[in-house]
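An overview of the molecular structure
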Amino acid sequence: LHYDGFSLSNSTRNDEEPDKGKVKPKPECGKSGPYKDRKDHDNAGMNWDHVPSQKALLERAAKVKGAKLSPEETKAIVENAPTIAIPTKLHQKRSETYGGRQHQTIDGVRRPERDSQDLQRAAKENTDAILEKIDEYDPGCKGAYKTAAKKITDMTDADWQKWLKKTIKSAGDD
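As a starting point, this report considers the structure included with it. (Residues numbered from 1 in each chain as written. Predicted model: local features only at pLDDT ≥ 70, side-chain atom pairs only at ≥ 80, totals over all residues. Heavy atoms only, no water.)

**With respect to the overall build of the protein chain**
Regarding its fold elements, the protein chain presents seven helices and seven strands. The order of α-helices and β-strands along the protein chain, N terminus first, is β-β-β-β-α-α-β-α-β-β-α-α-α-α. Put simply, 72% of the contacts in the protein chain that link residues at least 6 apart link residues at least 24 apart. (Helix = DSSP H or I, 4+ residues; strand = E, 2+ residues; numbered from the N terminus. Contact = heavy atoms within 4.5 Å.)

Okay, here's the thing in C-alpha cells:
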C-alpha cells in the first residue's frame, strides 16, 4: 500500500543473503521505512521507532482477525510496520510507548488498548511527543522527522485496518 509516497510493504521474504563484508550505512535521523529495513543499517545510537506502537498494531490486528495472531502474522506485522529512525536516547527518554510507559493507563484504559482503537490518533500523539523534544537530541532532524511523521499520520484508521488485513493475509502466503 502506498500513502503519500510512503510504502507499507507486506512482504516478509528476504531471499538475498546479506553481504558480510559490506559496511552498512548509518540511518539518517528521520529516515522512514518498514522495521525490517533496520537490518540494512549500522544502527549504533539509533532506534527504529514503530509508529504507531508495535503493541497497538498487534492488539488491533488480533481484533481485525477476530482471533490470536499466529507467529507468522505477528512477525509480518512487526517487520513491515512503519518506523522512523530516531536517536536511541530520544526513543528511551521521550517516546510515549517505550518500555514501561507502554503500560500506562490513559482515561482508565491501558495505552495499547486505547491506541489500538484509533491508530491514526495514536500515531499523531506519538509523533507529536517526539517532535516536542527532538531538538534536544538531534537539532538537524526535525524537518526529516516531520516529513516521515506526516506520511504515517495521514493514514486514516480505515487505511490501517486495510493494511492490517492485507499483512495478516500475506503472512499465510509465504
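**Examining the packing of helix α1 (residues 54–65) against helix α7 (residues 157–171)**
One can describe the packing of α1 onto α7 by two numbers: an axis separation of 10 Å at closest approach and a directional angle of 75°. The orientation of α1 with respect to α7, classified from their angle, is roughly perpendicular. Residues L57, R60, A61, V64 and K65 of α1 lie in contact with α7, whose contacting residues are D157, W160, Q161, L164, K165 and I168. Class assignment for the residues of the contact of α1 with α7 results in six nonpolar, one polar and four charged. (Axes fitted to C-alpha atoms, helices over the stretch in contact; angles between N-to-C directions. Parallel < 35°, antiparallel > 145°, perpendicular 65-115°, else oblique. Nonpolar A, V, L, I, M, F, W, Y, C, P; charged D, E, K, R; others polar.)

**Some details on the state of the cysteines**
Evaluation of the coordinates by the stated rule reveals one disulfide. Disulfide pairing places C29 opposite C141 at an S-S distance of 2.0 Å. Where C29 bonds to C141 through sulfur, the torsion about that S-S bond is close to -80°, and the disulfide is left-handed. Of this pair, C29 sits in the loop between β2 (6–7) and β3 (32–34) while C141 sits in the loop between α5 (119–133) and α6 (142–153), placing them 112 residues apart in sequence. (Disulfide = S-S within 2.5 Å.)

**Quick look at the packing of aromatic side chains**
Across all of its chains, the model carries one aromatic pair by this definition. For the ring pair W160 and W163, a centre distance of 6.0 Å and an interplane angle of 85° mean the geometry is edge-to-face. Of this pair, W160 and W163 both sit in helix α7, separated by three residues, roughly a single helical turn. The pair W160 / W163 is uniform in exposure class, with both members buried. (Phe/Tyr/Trp six-rings, centres within 6.5 Å; stacked < 30°, edge-to-face > 60°. Buried < 20%, exposed > 50% of the residue type's maximum accessible area, 1.4 Å probe, protein only.)

**Let's talk about α7**
Along an α-helix, residues three or four apart share an orientation, since each turn contains 3.6 residues. Taking 1.5 Å per residue, 15 residues should reach 21 Å; α7 reaches 21 Å between its end C-alpha atoms and fits that length. What α7 keeps buried is the set D157, D159, W160, W163, L164, T167, I168, S170 and A171. Here the buried residues of α7 occupy an arc of 165° about the axis, which is enough to place them on one side. Opposite the buried face of α7, by more than 90 degrees, sit the exposed residues K162 and K169. (Expected span 1.5 Å × (residues − 1). Arc of directions from axis to C-beta.)

**Comments concerning the sheet that holds strand β4 (residues 46–50)**
Strand order in the open sheet formed by three strands is β3-β5-β4, with antiparallel pairing between adjacent strands. Every other strand in the sheet has two partners, leaving β3 and β4 as the edge strands with one partner each. Strand after strand, the sheet turns through a mean of 40° between neighbouring axes, direction not considered. Taken together, the five bridges between β4 and strand β5 (residues 82–87) define a ladder with antiparallel strand orientation. Bridged to N47 within β5 is I86. (Pairing = 2+ DSSP bridges.)

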